[in-house]
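Structural overview
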Protein chains: 2
Amino acid sequence: MVDNKQLIQEKLAQAVEILNEFEIDAWVIFTRETFMLPDPIMDLLVGLNVTWQSAFIITRTGRKIAIVGYYDGDSVRGLDVYEVRTYHHGVGPALRETIEEINPQKIALNYSEMDVASDGLTFGMYRNLCRYLAGTPYIERFVSSERVIAALRGRKSDTEVARVRQAVASTAAIFDAVEAYVRPGMTQIEIAAFVKEQIESKGLDYAWDPKYNPIVTCGPNSGIGHAVPGNTVLERGHTLHLDLGVRENDYCSDIQRMWYVLKEGEESAPPDVERAFDVVLGAIKVGEKALKPGVLGWEVDKVAREFIVDNGYPEYMHAFGHLLGRSAHDGATVLAPRWEKYQGICDLPVEVGNIFTLELHVVVAGRGIMSLEEDVLVGEDEVIYLGEPQTELRYIR
Amino acid sequence: MVDNKQLIQEKLAQAVEILNEFEIDAWVIFTRETFMLPDPIMDLLVGLNVTWQSAFIITRTGRKIAIVGYYDGDSVRGLDVYEVRTYHHGVGPALRETIEEINPQKIALNYSEMDVASDGLTFGMYRNLCRYLAGTPYIERFVSSERVIAALRGRKSDTEVARVRQAVASTAAIFDAVEAYVRPGMTQIEIAAFVKEQIESKGLDYAWDPKYNPIVTCGPNSGIGHAVPGNTVLERGHTLHLDLGVRENDYCSDIQRMWYVLKEGEESAPPDVERAFDVVLGAIKVGEKALKPGVLGWEVDKVAREFIVDNGYPEYMHAFGHLLGRSAHDGATVLAPRWEKYQGICDLPVEVGNIFTLELHVVVAGRGIMSLEEDVLVGEDEVIYLGEPQTELRYIR
């Protein structure tokens, strides 16, 4: 297991700064049985599971208090960062006392209509919280922690960037191995099995559900999206597309790569395939140019989307990019159109230290899909690719 | 990966029966990005992850409808059980239409103050649901699904019982291997590492967070509860206690076993250790006798707790038992005192088909803890142990 003690201390210090930036007095993470139902922020700020109802409270003055069941006390103390208060019978009294002692004017809770990563508070636990604090002024002082969490997850520390970079490098090595291994006639299942073998033999983990990781798409008849690899055979004259993300030292990559399967006698891809590649690459390039601190998510998506449409392809029906880090879909800001499902999160600004995927696809009639995805870091003045981007079509012979 | 397609179909059929029993017209599971924030019921009824806001609706007339993002459509269709409706821009319109079409008088949602397993609806998603259904009568018709989920998780099918039984057998085999391997002088870390090697080499998974699995307690100075194994050395004259749960074919075991480390010249444990074992075993036996369909959770705990206290030991500060199945802590009914933290769930009745752990401990001064845990199935007329219970102290020589 990865030792994240130092990382947790770094992120907690960053959290205190962010609470001050947003003028929030106390942030209450209220959760239970996290092995069954994890609040996504627990990984970043606690790094272990708790059993009974537990509150982790961070104040803008820098206090970090944990109120946990008695039998979870020792493990939380082991983090050397929380003032730990334990209980036997119920969390209510200690929670109420602690809140009264802090007396916060503004209390952030993990609920968000727009961002799953900021929505770890269940409705039942919200009701419990209201019950424990009934009759106090505090239940009128709740606000969403969504901007706090967007900043905390989104602004990567150097340690976090280094870990994503490493995951990206490991993914690139797997793509190279795939290219050396794959031959026409193999099925999606066989190709996926080879990738899984690579992931597991290198001691890596999966950045998302291994059922759809890798996604292997080939030819005109394979499904698009989160499809399970099937018995479709890789044929000459078709494209091969892989969407793969690994988790290494708890941080993720999320990359798509494209190959064309050469026909007998061909030395390069036919013009329809080449053109699709150039347009997809071009869209990523214009998106990359638009990706600057302060620009809103939907504005970045817009230029890439327009580039595709202007070049005669139908628009892609997904986001142009999402944050990447502790999770493959790292919550908060998306580079996405202003559709209902992206409401709010596509209006958040790009910030320095964000790591985004840049991704989109078009369909090449009779050949398969053409889809690329790169992982990039937003710097003060430039976008930094965290690995070698794909700038030319690759071939299977 | 385990193929749970048939199990999902079984549990869905059972869900429809239970909706009729509780007179609920529609049960709405409303979730998103389940890989990051899983509603615990998804494993039982869907068995795959979805990305965008998704509703799984089960009606008492037997309909099963899934409204999911376009790119998740194929994988949900692959279950061959849901009517699948997909969307590109947002779940709201299709969700509203579908609810209007069903026109339910009573709608169960996954929120529960008492039971984490029934509390998968986040506060943000609850707010989204209210927004999508604003102006309809349906937002006045929500009820908690907690009794539905307690019944569905709690009443195990034959397939589920067989899987738990298998996990229990594998755990017993590991305990035997531990006994053959362990010698005085080893540390908790070494013993835990051996257990993990056994789990992994047999292709098993962990029933709970591997950080605390197994829990290894030895001697008077090691922590009690969810403590990480440390450098404490196993000494002669002390007790050795393991708490271990494996997951096999997606179902769990959760068992505690006890050894005494014989001193030079000893052939059995001294009287203080023997007596502690007998009292703990006795408490489990009286609890087992009380575990009958219709009895409330706290009533079972009470007899075991009183037995301990009547025998001169302080009461254990935890529950006497919990449900076991898909998860080690399988939610709902607990055999626990009426403390705040067990409120509601200790008042639920024991039912035929429930699988419970029976567990408790006492401390033997200067020796360590004495703690047993068995996994049992509630039958019509009898309690069935799912493996060989520990009825005698075991020895390390």
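A brief look at the structure comes next. (Residues numbered from 1 in each chain as written. Chains lettered and ligands numbered in written order. Predicted model: local features only at pLDDT ≥ 70, side-chain atom pairs only at ≥ 80, totals over all residues. Heavy atoms only, no water.)

1. Some words on the overall build of chain A
Across its full length, chain A holds 10 helices and 18 strands. For a compact globule of 397 residues, the expected C-alpha radius of gyration is about 21 Å, and chain A comes in at 23 Å, within 12% of that figure. When the backbone C-alpha atoms are referred to their principal axes, chain A occupies close to 80 × 40 × 35 Å. Among the 397 residues that make up chain A, the fraction classed as buried is 64%. Taking contacts inside chain A between residues at least 6 apart in sequence as the whole, the part at least 24 apart equals 67%. By element, 49% of the accessible surface of chain A is carried by carbon and sulfur atoms, the whole surface being about 14,100 Å². (Helix = DSSP H or I, 4+ residues; strand = E, 2+ residues; numbered from the N terminus. Rg over C-alpha atoms; globule rule 2.2 N^0.38 Å. Buried < 20%, exposed > 50% of the residue type's maximum accessible area, 1.4 Å probe, protein only. Contact = heavy atoms within 4.5 Å. Areas by Shrake-Rupley, 256 points an atom, 1.4 Å probe, with all protein chains shown as cover.)

2. Structural notes on the sheet that holds strand E10 (residues 246–248) of chain B
Residues and elements named next belong to chain B. With antiparallel pairing, 3 strands are arranged side by side in an open sheet as E7-E10-E11. With partners counted over all chains shown, the strands left at the sheet margins are strand E7 (205–206) and strand E11 (251–252), one partner each. As judged from the 2 bridges shared by E7 and E10, these two strands associate in the antiparallel manner. Counterpart to Asp205 in the pairing with E10 is Arg247. (Pairing = 2+ DSSP bridges.)

3. Observations concerning the relation of the copies chain A and chain B
For the pair of chain copies, the relating operation is a rotation around an axis with a shift along it. Once chain A is rotated about the relating axis by 180 degrees and shifted along it by 0.0 Å, it coincides with chain B to within an RMSD of 0.0 Å. Considering both components of the superposition, the chain copies are consistent with a two-fold axis. The residues that chain A uses at the interface reappear at the interface of chain B in 99% of cases, marking a shared surface. (Least-squares fit on C-alpha atoms with pLDDT ≥ 70 in both.)

4. Let's talk about the side chain of Ser75 of chain A
Counting through the fold element by element, Ser75 of chain A comes out in helix H3 (residues 73–77). Reaching out from Ser75 of chain A, the side chain makes a polar contact with the backbone oxygen of Asp72 of chain A at a distance of 3.1 Å. (Polar contact = N/O pair within 3.5 Å; in protein donor to acceptor, adjacent residues only side chain to side chain.)

5. Some words on the pairing of strand E1 (residues 26–31) of chain A
Consecutive side chains along a regular strand alternate between the two faces of the sheet. Residues and elements named next belong to chain A. Among the 6 residues that make up E1, 6 are buried, leaving the element largely enclosed by the rest of the structure. A two-sided burial pattern is seen for E1, the buried positions comprising Ala26, Val28 and Phe30 on one face and Trp27, Ile29 and Thr31 on the other. The pairing of E1 with strand E5 (residues 107–109) spans 3 bridges and is parallel. Residue Trp27 lies in a different strand from E5, and its bridge partner there is Ala108.

6. Some remarks on the packing of aromatic side chains
Taken as a whole and judged by the stated rule, the model has 23 aromatic pairs over all chains. Considering the side-chain rings of Phe123 of chain A and Tyr111 of chain B, the 5.0 Å spacing of their centres and the 65 degrees angle between planes classify their relative orientation as edge-to-face. Taken together, the residues Phe123 of chain A in helix H5 (residues 123–132) and Tyr111 of chain B in the loop between strand E5 (107–109) and helix H5 (123–132) connect one chain to another. With respect to class, Phe123 of chain A is no different from Tyr111 of chain B; both count as buried. On the basis of an interplanar angle of 65 degrees and a centroid distance of 6.3 Å, the ring pair of Tyr126 of chain B and Phe142 of chain B is categorised as edge-to-face. Of the two residues, Tyr126 of chain B sits in helix H5 while Phe142 of chain B sits in strand E6 (residues 142–144), which places them 16 residues apart along the sequence. Across this residue pair, the class does not change: Tyr126 of chain B and Phe142 of chain B are buried. Every member of this aromatic cluster is reached through a ring pair, and the members are Tyr111, Phe123, Tyr126 and Phe142 of chain A together with Tyr111, Phe123, Tyr126 and Phe142 of chain B. Positioned over the ring face of Tyr316 of chain A is Arg305 of chain A, at 4.0 Å from the centre of the ring. Above the ring of Phe123 of chain B, the side-chain terminus of Arg127 of chain B is found at 5.5 Å from the ring centroid. (Phe/Tyr/Trp six-rings, centres within 6.5 Å; stacked < 30°, edge-to-face > 60°. Lys NZ or Arg CZ within 6 Å of the ring centre and 35° of its normal.)

7. Overview of the interface of chain A and chain B
With 69 residues of chain A at the contact, the number on the chain B side is 68 residues. Buried surface at the junction of chain A and chain B, both sides included, amounts to about 5,900 Å², of which 58% is carbon and sulfur. Of all residues in chain A, Met36, Tyr71 and Glu113 of chain A bury the most surface against chain B, accounting for 15% of the area lost on that side. Counting every contact that joins chain A to chain B gives 6 salt bridges. (Buried area = accessible area lost by both parts, 1.4 Å probe. Salt bridge = Lys/Arg side-chain N within 4 Å of Asp/Glu carboxyl O.)

8. Thoughts on the nonpolar core
Core analysis: the biggest nonpolar cluster contains 150 residues, and Phe30, Ile57, Leu291 and Met370 of chain A together with Phe30, Leu291 and Met370 of chain B have the highest contact counts within it. When residues no more than four places from it in sequence are discounted, the contact partners of Met370 of chain B are Thr239, Met258, Val273, Ala276, Phe277, Val280, Leu360, His361, Val362, Val364 and Leu393 of chain B. Leu12 and Ala192 of chain A together with Ile41 and Leu48 of chain B belong to the second largest nonpolar core, which has 135 residues in total. (Core = buried A, V, L, I, M, F, W, Y, C linked by side-chain atoms within 4.5 Å.)

9. A short note on the pattern of salt bridges
Once their charged atoms are close, side chains differing in charge can pair, the charge on each being opposite to the other. Here the structure, examined in full by the defined rule, presents 58 salt bridges over all chains. Between Glu100 of chain A and Arg96 of chain A there is a salt bridge; the shortest N-O distance is 3.7 Å. Pair noted here: Glu100 of chain A and Arg96 of chain A are both in helix H4 (residues 92–102), with a separation of 4 residues, about one helical turn. Note on Glu100 of chain A: relative accessible area 40%, which makes it partly exposed. Overall, the relative accessible area of 29% leaves Arg96 of chain A in the partly exposed class. In this structure, Arg305 of chain B engages Glu315 of chain B in a salt bridge whose closest nitrogen and oxygen atoms are separated by 2.9 Å. Separated by 10 residues along the polypeptide, Arg305 of chain B in helix H10 (residues 297–310) and Glu315 of chain B in the loop between H10 and strand E13 (321–322) bring together distant segments of the chain. With relative accessibility at 35%, the residue Glu315 of chain B sits in the partly exposed group. Overlapping salt bridges bring together Arg63, Glu83, Arg85 and Glu101 of chain A as one network.

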